[in-house]
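# Coordinate analysis (summary)
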Amino acid sequence: MGLLHRRRRRGSAGPLLGLGYRAPSARGYARYFNDAAAAGSSSQQVLDYDQAVESLRYWNDLINKIDRPTARMMLSKIDRENLTGVDTKLKGVSTSKNSLYQFLFDVKVNHPTKVVLVRVGEFYETWGFDAVLLVEHCGLNPMGYRLPRAGCPRVNIQRTLDDLTAKGLRCVVCEEAPMPYSYGARSKRKTRFVAQVVTPHSPVYVYNLSGNHALSPDFNFQAPPVVGIEQRKPDAFTVSLMDVDLRQVTTYYDVNEEIAAHIVSNQGFSPPVYCHESYLDRAGPNGSSGLQGQRVRSIIQDSQKVRVKGSPFSEKFVEIVRKDLDLGPDASFTQSSAGGGGESRRPLPLYSMTARSIGLADRASGSPSGTPSLVASLLPKGAPAPCKHFFTRYLMHPPPPGVAGSVQRSLRRIAGVSEPLPLLPLLPAHKIAKMIHSREANHSVYVDLLAMLRGVRSIFESKALEEALYPLTAVAALSTGRRFKTSEIRDACDDVIAEIEGVVNTAEYEELMGALAEDEGEGAGEEADDDAIAVAAAAGSRARPGDQALESLLRSNEKSARVVLGSCIAGELEMLDAARARVMAAVRDQLELALKALSCPEEGWPGRSAPRISYDAVNNSVSVRGAQGAAKSRKGWADDFGLINPRDRNGSKLADRFSTEELEDALNDYRLRCHELDLAVKGALKALASRIQPFVTQVVYLSHLALVSKTFWLHATEAGRRGWSLPEIDSGEGGEKGQEGRTLVLDSFWPFWMDKSSPDTVENSLSMSKLVLLTGPNMAGKSTVIRSVCSASLLANCGLHAPCAPTSRVPYFDAYILRSAESADNPADGLSTFAVEMSDARAIVRDASADSLVFVDELCKGTEAKAGACIAAATLERLASHNGCLGLFATHLHDILELPIERSALELMRMETEPGDGEGGKWRRRATWKIGHGVCTESLAFQVAEKYGVPDEIVQRAYALSLGLEQANARSTEVEAAKINGTAGGQEEVVEPSEEEEQEEVLSFDRGVQVLAGLASEALGEDAEAIRLQRGAHPPPSAIGYSCVYVYRLSDDTYYVGETDNIAQRFSAHQSTRKSGLTDFAFVKLPKGGKSVGRLVETQAIRRMAGMGFDLISEADGMHSNFGVR
Ligand SMILES: Nc1ncnc2c1ncn2[C@@H]1O[C@H](COP(=O)(O)OP(=O)(O)OP(=O)(O)O)[C@@H](O)[C@H]1O
Ligand SMILES: [Mg+2]
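Residues numbered from 1 in each chain as written. Chains lettered and ligands numbered in written order. Predicted model: local features only at pLDDT ≥ 70, side-chain atom pairs only at ≥ 80, totals over all residues. Heavy atoms only, no water.

An unreviewed UniProt entry lists the protein under the name DNA mismatch repair protein MSH1, from Chloropicon roscoffensis.

Moving on: the pairing of strand β10 (residues 305-308). Where burial is concerned, the two faces of β10 differ: the one with Val306 and Val308 is buried and the one with Lys305 and Arg307 is not. For strand β9 (residues 273-276) and β10, the ladder comprises four bridges, and the chain directions are parallel. Counted as the bridge partner of His276 is Val308 from β10. (Buried < 20%, exposed > 50% of the residue type's maximum accessible area, 1.4 Å probe, protein only. Helix = DSSP H or I, 4+ residues; strand = E, 2+ residues; numbered from the N terminus. Pairing = 2+ DSSP bridges.)

The sheet built from four strands is open, its strands ordered β26-β29-β27-β28 with antiparallel pairing. For this open sheet the edge positions go to β26 (1026-1028) and β28 (1055-1060), each flanked by a neighbour on one side alone. Between one strand and the next, the sheet's axes are offset by a mean angle of 20°, whatever the strand orientation. Relative to strand β29 (residues 1078-1086), strand β27 (residues 1043-1050) runs antiparallel, the two sharing eight bridges. Bridging from a neighbouring strand, Val1045 pairs with Val1084 of β29. Along the sheet face, helix α34 (residues 1005-1020) touches β26, β27, β28 and β29 and points at about 10° away from the line of β29. Running over the sheet, helix α35 (residues 1063-1074) touches β27, β28 and β29 and is turned about 165° from β29. (Axes fitted to C-alpha atoms, helices over the stretch in contact; angles between N-to-C directions. Contact = heavy atoms within 4.5 Å.)

Ordered in space as β3-β2-β1-β4-β5, the five strands form an open sheet in which the pairing is mixed. Two strands close off the open sheet at either side, each with one partner strand: β3 (149-153) and β5 (192-198). Ignoring which end each strand starts from, the neighbouring axes of this sheet average 30° apart. In this structure, strand β1 (residues 115-120) lies alongside strand β2 (residues 123-127), joined through three bridges in antiparallel fashion. Note that in β2 the partner of Val118 across the bridge is Glu125. Those strands touched by helix α5 (residues 129-137) are β1, β2 and β3, and its axis lies near 115° from that of β2. Its contacts with the sheet place helix α6 (residues 157-166) against β1, β2, β3, β4 (171-176) and β5, and it is angled at close to 170° to β1.

Time to look at the packing of aromatic side chains. Applying the stated criterion across every chain yields a total of 27 aromatic pairs. Through pairs of rings, three or more aromatic residues link up here, namely Tyr1046, Tyr1048, Tyr1056, Phe1067 and Phe1081. Sitting above the plane of the Tyr1042 ring, Lys1085 keeps its charged end 4.6 Å from the centroid. (Phe/Tyr/Trp six-rings, centres within 6.5 Å; stacked < 30°, edge-to-face > 60°. Lys NZ or Arg CZ within 6 Å of the ring centre and 35° of its normal.)

If you trace the backbone, Val762 turns up in the loop between β17 (744-749) and β18 (764-768). Between the C-alpha atom of Val762 and that of Trp929, which follows or precedes it by 167 residues, the distance is 6.5 Å. What Val762 contacts, discounting residues up to four positions off in sequence, is Phe749, Trp750, Pro751, Thr928, Trp929 and Lys930.

Glancing now at the pattern of salt bridges. When the charged atoms of two side chains lie near each other, side chains of opposite charge can form a pair. Summed over the entire model, instances satisfying the criterion amount to 42 salt bridges. Across the salt bridge formed by Arg154 and Glu122, the nearest N and O atoms sit 3.1 Å from each other. On the criterion of sequence distance, the pair formed by Arg154 in the loop between β3 and α6 and Glu122 in the loop between β1 and β2 is long-range, its members being 32 residues apart. A salt bridge links Asp245 to Lys434, with the shortest nitrogen-to-oxygen separation between them at 3.7 Å. With a gap of 189 residues between them, Asp245 in the loop between β7 (236-243) and β8 (248-255) and Lys434 in helix α15 (residues 429-437) connect regions that are remote in the sequence. Residue Asp245 shares its accessibility class with Lys434, and that shared class is buried. (Salt bridge = Lys/Arg side-chain N within 4 Å of Asp/Glu carboxyl O.)

As a further point, take helix α28 (residues 782-797). Between the first and last C-alpha of α28 there are 22 Å, a value that for 16 residues agrees with the 22 Å anticipated at 1.5 Å per step. With 14 of 16 residues buried, α28 lies mostly within the body of the structure. Phi turns positive one or two residues past the end of α28, at Gly799, with a value near 85°. (Expected span 1.5 Å × (residues − 1).)

Structure below.
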């Protein structure tokens, strides 16, 4: 290893400047320049002071986090002030002009924050900081302890790079320049060059793959994009995402911070971030929303940032990334813009909280929130991972209505197709693009590509398939930003297929792959070959002694001969044939004869293996080995047969081997011809890549089309199995805008993670044209309804099957916003639980339009109940009346129901309960998971507590406490009532029955009426009379126009207390909804005090009667709006 051979003394290191490492002192910085200058740095670019300091800080920060003891041991030899980390004072470090150190240093100057791996013979080596990181992250050990140095064998480079990029590190891989063919001479000083920059955004190292035909590089479908951010106004961000391999840039203009955060993290995020100065120079806003659980600044705050200057941003961004990733000036990127709404009417991307709540976690591994994976229920078990990834991306940013319509059309037709989907190998678009752009596509890539294209082509050969799948081109167009006609697709397929078929040999593919795989472990074959010969000889087989050696020689040299069609390399093959014939002749006529002349003594050659003709994989030659002993005992043998000692590849004589001048000459020629053949094959493949390159956009589009076709096809299959259907989607293009006339109808829907046929699954139906206030006990299915409605609407608007009846009708939504109850505090942003809730509320109110679908689950549960109810009520009122969105607002804060908010744009719905089958008593009711009109103020909290194992004493005690609380509340309400009526508040003693008395009391309807009338009298300060109504009766006209409180009993002995301004209408409504069930009804007219007294009496009556043990159904019809707590 020639890197570090001479010691060079330097002055002592700079002073310690804190920060846990030695920051570059002025002297250190001067040294940096001295090193560069003294060694005659060839580098064009020299870092300025700030960059140098920043880069050193970067490395030192990384080094300070090193954990692995072996890696820590290397730290004492690191020079923390040198950009490379190599301490040039260490013994053996040469900094001379052509030294490896100088090469490394030059690369570092151009790539100051990347790990540099340099090819040295059969290894990729690293030094200094880089070596420490390799030992830390790649499970490698240091190469000696003299100076920090580590490396990996040539064949492991991709694995090593994967380990580094997985940690967010970016790497530069440097190669030795190919040498002209030479044999028998010591290699000259190697020149090296930067072969490729490998980063998490483009993690596959492809250099020289065009010469390695067995290897099919493994491209991850999910490499994160390079992210660029500009902040033009405090809440207007421009986010550019660059797909490096696909050479595409998508820019989102003027999005708010939540959406920006979402876009940044949606496809995975890996540093650095390219930040425009408008972002860097602006201080972060305080108290921004955490709706999506994260904000741009908190996502990227610890990431390395690259400053972008000038405008337009997206172009400057591309310019700087292109340079940073060493992509060369001819790498052109297609720019497209995407934004929420706009002309395309594409809905906004989902907030990550929305996504998490409906089981759309980014990673296929499942969702952290505990909601089962939505994508897993869209596809059959074992569906290819790319299909799952595609669906995640597709749902995370729903398509515009036009595309959804096409998808639905296609899914309807797929259901009717009787043909199977042809074999469609999925080839990541990145892989094709990168391999073609880099001209490194090898045999296996072409073969895969060919299979994919033939698959797509066969779709367009079948009328039924074409009709079913063609609409999906709209989806391929959406992901690639390009659109092609059927004829263009056909032509592109045909052209590229013809190009590949004209060069690549696919006929013997299977056989070839087998042969190549067998040969993978080069060099290991030698001994095995010898054994085979020994076996053949012992068995007296007719195989000739040179056979195995020749076969090995041919196999390891002529691998590429069958990769391309013979016609492409005819000249080279002819030359090779001649050279091969000469080698074979020399082996047969000379070596075999000479070997034959050595007769083996009976006792053999003690301690030595028999003389044999063998192949030497290291020197790529064939010679006689193991014949020294025989040669000594048979004088003149070598001379008789013209044998010489051959030279190895570096020109040294090999005294233990015998060859002939002719053979050596023939081998030389043969090796040269093979080398030429390899070059010709590579050349043919590279030329093929160049001819295909103009079609890359089409090919990328076709690979999307293959992916999309397969994904939707599999989805249709799975949806059929699960009994899902395609709801009618209303794109709203007919001019129905806003809330007017927009109704979301979901018939017989069920949670997507449940099995329709299971008896435990409860189906629900819902028709919603306003914002719905949803109440219901714990565990009654509120959150489940929210998740189900959100996911079904999203699926429908993506054109997909949903778990509901086909009669469902889903209007277009411009955003899906789900704020779930799971929000916790966010210490990273210095936000308490309630602060997070409030910042969520702010974001929802700001972002929801009349076209949005909004779900709010348990807002304000993180604060005191009364204040919480008021804030929640005001937010609800605003969303309903001002934003005008559709959606569900679920709450346990029943005080909301008593607050005088504007209700015209609100609908009331509740989760229903039914009498349970327990032994009766206080917790008799249970949830049915059915949604219905009205409200429900039961909590079933004690029941749930009991069911989930809270000790019985606690539950009993809690219940007793609740009764006490209710009574106290009732008293204080009465005091309030007294105040309203101007009586001496609190003076009158309300006699409460003791608990024993209460138990004994007969709970009749009469008793209920008595309670109601008594409370009304108390509130009015005068006697109030209760009036009973028989079924079919009409209340007296004198009661009309007054507030009334009423009580009724159903045939199952449950009671209901309510309040109304229109007793006639209310009575008739209850008669018709209760049909046969309503047995008794009575009301009390409240001529004074109006509605507020009515509500007060109602609340008191409910509490009093509940306390007495009446079985109250705390529910009401849609007209009703006033409740107490049980
Ligand atoms: N449609 C349904 N079919 C079958 N089971 C259901 C259905 N809806 C809800 N459930 C069951 O009820 C459980 C509780 O539902 P969910 O979490 O939606 O209740 P909730 O009303 O939000 O309760 P809380 O107020 O405590 O948050 C679910 O986990 C599920 O097991
Ligand atoms: Mg819930």
